[in-house]
Each structure stands twice: as structure tokens, then as C-alpha cells.
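# Commentary on secondary and tertiary structure
Given next are the chains, with one letter for each unit.
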Amino acid sequence: MKNIKYIILLFLSVITVTSCTDMLEEENKTEVSRDFLYSNPEALERAVIALYAIDRSYFKKDEQTSPYAYMLDIGTDIDWFRAGGGSTFANYDALNSRNANVRDFWTQQYQIIGKSNEILAAASTMEQDSLVTRIVGEASLFRAHAYYWLMIKFGKIFLTTEPTTYENLDKTTYFPAAPEDVWKLINDDLDVAISILSWDTPKVISGTENGRYNKVVAKHIKAKVAMWTHDWKEAIKQCEDIFATGKYELKAQPKDVFEGANLNHSETIYAYQFKNDIGGGGAASDGKFVGHRLGIITVAQYRLIMGYEDLALGGYGWGRLMPNNYLFSLYTDKVKDKRYQQFFRHYFTYEMTDKLPAGKALGDTIFPTNASQYWENFHPQCTKFVDKWTALTPSQTNSFKDVILYRLAETYLIAAEAYMNDGNQTKAREYYNKTWTRAGNDPETRDITLQMIMDENARELCMEGHRFAFLKRIGKLADQVRNYGGEFTTNAAAAGRNKGVNVPTSYYKSYAAPAAAANRRYYFKDGYENWPIPQAEIDQMGAENFPQHDVYK
């Protein structure tokens, strides 16, 4: 759904419920009021579309920091964070209740929940025709999804299904919901969505629209929820239902998943939609389209040494988040496993004829001359978000390439883990081998273990935003971060690890990691598996009713 009408987001925000009576009495200056949007099915449909805009807006709230908290696996065992506004959060040395990324994420998810509650309440007063029924399905899925993300990140949340109004605002007593109540509401909402939504993307307003929720999205999320509640059979059922549709299949090569600007393909279950036009990515105050910056975050700052940007090398590079040596070590056969080459740029080469130094040829390796250059400018980078399709110039810092949130590869890994836990090794191997052999490896014949699932999860889904929750769910987050998070090793052994995979062995030297890269292991405390409740929310809800996690007090 590339052309979301952002004006709807403005309309939904016309009246913001607050304790200030004067704000509530301000005159509405827009042509479309909140009351109108909730007055008939056609208008309510536009309110649902606005939920997609709110959800996608997280990538643009603060172009420099906000995406780090949502995507890219920041703060886990398989990356190190070089610099930027999110670095203290990534390394856990300043993770506290006033962290802006944490606050923005909490606020955004509750905004989605609040609007979903209003839409569902309005829909309940209307005749239940096909349009209203589908609206109920989408809004229910939005609410379930927002509560899911809040639960896996914060572990303690406030639960509400009622629209916030002037009458009930000051009468609400806030308290942490019991986890079983949260999971029940999420599952109930997912069941509603599954019973209503089509297997296909719905045709509404402007024809078939990519980026809309459907039954497959709901079933994928329900499988993820079942893994949190250790309901292996439920997870298996939801995954098998998706496989049985025959509508999804893995791309032929790992790199094919991320090739192109339009990522609505056979492996994609849900992707955020971006396009460089009206409605395709939002507009900044100066009228320019914003898009997102996930691509440049993972591209090294080679430009600072070379003096130019090159789309062949990833375009403009910020060099914020990098894969670490632990992640690379998990690709045990770097010749067979295509992901090692296809998901990363391991070294840099001269690609522009008019920029060649004397004595160099196109394709020659650019060797770092010291440790600072290696870590700051020529460190290996993840290429999943690199965008050479929507950039008008190599120096463009914003991208309009779609961002995949859920894909079939993850569904297969969920199924493999669920079957393993349920005692069915035959099916566990079958689904483990889907991604393992697609990458070029020989089929796995051993019994599948949790360690194997952990490693394959990192190899396949690295930087896609699921590692933190996965490790937390299986109880391994603290150990993994303390043992491997950041970059604690030198590259002395890297040359040997890279032999035979077209990486110049002399490229890697014994470059000791900078101190900032090693912080994470020392700062991760017991209890950091849950993000802190934003202090502004604690102040509003009352610390006596909604206490902070002990580690952040």
C-alpha cells in the first residue's frame, strides 16, 4: 500500500484526548473531523488506513535514532554499534526510563492501540456488512500486534480495550496486566482477524494494495505468540496453515530476498511500503519526502577516506551498526553458505574510473592502513538494507526501499523449533533445512538442537529486528550479550576464517576493537531483558500503581 494518504493521520489526530479541558474545546480547523471518520463504514475504512501510516511512521520520527530501537537487532549478540544517537542505548550503558527511543516506541504502540479501540467501538454500532467486518479484522490485528510488541519489549504493560474519552480519562486506574491476560487478549484479537481476513491482500479503495494485513500475517504472528506461551502444537498449526496455502515460497538465492525497491515477493509475509512520492514515505517540514535511513545506517563510512560515495559500495554510509566477528563465526562453511557473501560486504574495492588513485585498477581492494580506518571506515557491513534502486544520487541519505518485517524464512524456523520442542525431529529437520539448504549447505541429518536453531536464526535473520525477542524468549539474551555482544575480539584470526571465499586474506589484520565496541558485555545487567517503562508514563500512571522494573529504579 504505497500511497497511504497521510492526511488521514492528521484527521485522526484532530482531537487528542488530554486532561486539559481547553485543548478539548479547541475549534477543529480541518474539513474532516474525528466524528466524521467514525460515522460510516467508508470513512472508518480511511481510519484503518491511517493505522498503517502510524505504524510506519516510527521509521521517520527521528531520522537518526528511532529505527534502531525497532529494527536491525541493535543491542544483541551479533552486532556492534559504532556511534550515533542510539549508541548508549545499544551498549546498555545509558538504558533508562528517559531514553527517547524507548519512549517513542511505547507511545507509538499505544497510539495504535487507542485508535484501534476507537475503530472497533465505532464498528460495533454499524451494520455488519462485508466492509465493516473486514475493518474489524484489520483493527483487531493492529491491536494484537501492538500489544505483542509492547509485551516482548517491556514485559509489563497496561491493558485496555476501551476508547479513551473525556469522561473516562481521569477515572482510569493504571496497573500492570497479568501476562496471561495480555496473551489471551492478543490471541483473542488474532482469532478475530484470522476468522475475518482473506488469505489474499484485500482489494479496497484503489485496487489490490500491497502492505495490507491479511490472514497470513495474523497466523504468522499467532505462531510467534504461541512460541512465547510454549504452545508448540498451536505454533505448528499456524505455520502449517501458512505452508498449505501454496502462496509463499523461498526465493532461489538468499540475496534475492532484498534485491530491488519493491520487496513484495513470494517470501514476504509483511513489508512496510515506501515510495518516493506523495503518501509513499511522508513529507518533512520542508516538503521533501522522508523515507527511511536503514540503508545508510549499515553502510560503513568509506566515503570519509575515499572522498566520494558510490552506489556500488552502498551509497552514502553512516556506519552506525555493523555485524560482529561472532556473527561471522556462525557461518562455519563460508564457501558453501552463500549468506556469508550475499548478506555482507567484507571489503571495499575501487569502482569509479575517474576516482582511481595512481597505480590502481577497477576492482582493486582498498586496504585500511590503520585500526582507526578499519573500524571507522572499512569494517564489513550488512547489505540487506542497501538501496541502489530509489537513490537519485550516491549521496542520498534517505531510502524508499520497502522494509520486510516478516518473511517465510522465519516461519520455517519457528516451525522447526516448535517441532523440535514437540519431539518430532523428522519435521524439525525438514523445516530447518529449508533455509539451511537454500543457502547452499548440505542437508542436515542430525537431530535439531536449540543451539542449532539459535545459530541458524542469526545466520538467516540477522539485522531484521527479531534477535532480541528471540533470545529473550528462549532465556538466552543475557548470556549471549555478555559473551558475544559488541566486538570484543581482534581480527588476528579472521584471515584464516576467510580463506577461499574471495576475501583478500591480507585485508584483515590484528586490529584491536575500540573501547566503545566492547561496552555492551560490561553494562548488561540482569533485568535488561525488559526495556524500562518510560518515566513520563510512570509519572502519569502513578508509580504506586505501575512500578518501574527494579533494575531501572
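Right, let's walk through the structure included here.

So, how was this worked out
- Residues numbered from 1 in each chain as written.
- Predicted model: local features only at pLDDT ≥ 70, side-chain atom pairs only at ≥ 80, totals over all residues.
- Heavy atoms only, no water.
- Helix = DSSP H or I, 4+ residues; strand = E, 2+ residues; numbered from the N terminus.
- Buried < 20%, exposed > 50% of the residue type's maximum accessible area, 1.4 Å probe, protein only.
- Contact = heavy atoms within 4.5 Å.
- Areas by Shrake-Rupley, 256 points an atom, 1.4 Å probe, with all protein chains shown as cover.
- Disulfide = S-S within 2.5 Å.
- Phe/Tyr/Trp six-rings, centres within 6.5 Å; stacked < 30°, edge-to-face > 60°.
- Lys NZ or Arg CZ within 6 Å of the ring centre and 35° of its normal.
- Polar contact = N/O pair within 3.5 Å; in protein donor to acceptor, adjacent residues only side chain to side chain.
- Pairing = 2+ DSSP bridges.
- Salt bridge = Lys/Arg side-chain N within 4 Å of Asp/Glu carboxyl O.

## Structural notes on the overall build of the protein chain
What the protein chain contains, in helices and strands, is 24 helices and eight strands. For the protein chain, the proportion of its 553 residues judged to be buried stands at 58%. A fraction of 71% describes how many contacts in the protein chain between residues 6 or more apart in sequence connect residues 24 or more apart. Accessible area for the protein chain stands at about 21,500 Å²; split by element, carbon and sulfur atoms hold 49% of it.

## A short note on the state of the cysteines
In this structure the tally under the stated criterion is zero disulfides. C462 takes part in no disulfide bond, and the closest cysteine sulfur, belonging to C382, lies 5.2 Å away.

## A look at helix α21 (residues 477-484)
Looking only at α21, the buried set comprises L477, A478, Q480 and V481. Directly after α21, the chain includes G486, whose backbone phi takes a positive value near 75°.

## Digging into the packing of aromatic side chains
Evaluated as defined, the whole model comprises 34 aromatic pairs. An angle of 80° between the planes, with centres 5.2 Å apart, marks the rings of W80 and W375 as edge-to-face. In this pair, W80 sits in strand β1 (residues 79-81) while W375 sits in helix α16 (residues 371-377), placing the two residues 295 residues apart along the sequence. The exposure class assigned to W80 is buried, which follows from its relative accessible area of 2%. According to the relative accessible area criterion, W375 is buried, its value standing at 3%. Summarising the aromatic geometry, the rings of F105 and W149 are spaced 6.2 Å apart at their centres and angled 70° between planes, so their arrangement reads as edge-to-face. Residue F105 is located in helix α7 (residues 100-123), and its partner W149 is located in helix α8 (residues 130-154); the two are separated by 44 residues in the primary sequence. The buried category is assigned to F105, whose relative accessible area is 0%. Among the aromatic residues, those joined into a ring-pair cluster are F105, W106, Y110, Y147, Y148, W149, F154, F468, W531 and F546. Positioned above the aromatic ring of Y316 is the side chain of R303, whose terminal nitrogen or guanidinium carbon lies 4.0 Å from the ring centre.

## Overview of the environment of N324
Summarising the element assignment, N324 is placed in the loop between β3 (321-323) and α14 (325-329). For N324, a relative accessible area of 0% translates into the label buried. Here the alpha-carbon distance between N324 and H379, two residues 55 residues apart in the chain, equals 9.4 Å. Sequence-distant contacts of N324, defined by excluding residues within four places in its chain, comprise D77, I78, D79, W80, Y484, G485, G486 and E487. A distance of 2.8 Å separates a polar side-chain atom of N324 from the backbone oxygen of G486.

## Here's the deal with unusual backbone geometry
Residue H230 is not a glycine yet carries a positive backbone phi of 60°. Following the sequence through the fold, H230 ends up in the loop between α10 (215-228) and α11 (232-244). For M463, which is not glycine, the phi dihedral falls at a positive 70°. Among the structural elements, M463 can be located in the loop between α19 (450-461) and α20 (467-473). For M463, a relative accessible area of 0% translates into the label buried.

## Quick look at the pairing of strand β2 (residues 268-272)
Successive residues of a regular strand alternate their side chains across the two faces of the sheet. Of all five residues making up β2, five are buried, and the element is well covered by its neighbours. Sheet analysis places β2 next to strand β8 (residues 403-407), joined by four bridges and oriented antiparallel. By the bridge assignment for β8, A271 is matched with I404.

## What to know about the pattern of salt bridges
Working definition: two side chains of opposite charge can pair if their charged atoms are close together. One pass over the full model with this rule turns up 33 salt bridges. For E417, the salt bridge identified is with R473, shortest N-O distance 2.8 Å. Separated by 56 residues along the polypeptide, E417 in helix α17 (residues 408-421) and R473 in helix α20 bring together distant segments of the chain. Across the pair D447 and R429 runs a salt bridge whose closest N-O atoms are separated by 3.1 Å. Of this pair, D447 sits in the loop between α18 (425-438) and α19 while R429 is found in helix α18, placing the two residues 18 residues apart along the sequence. Judged by its relative accessible area of 48%, D447 falls in the partly exposed class. Salt bridges here are not isolated pairs; linked through shared partners, they connect E267, D337, R339, K384, R407, R438, E456, R459, E460 and E464.

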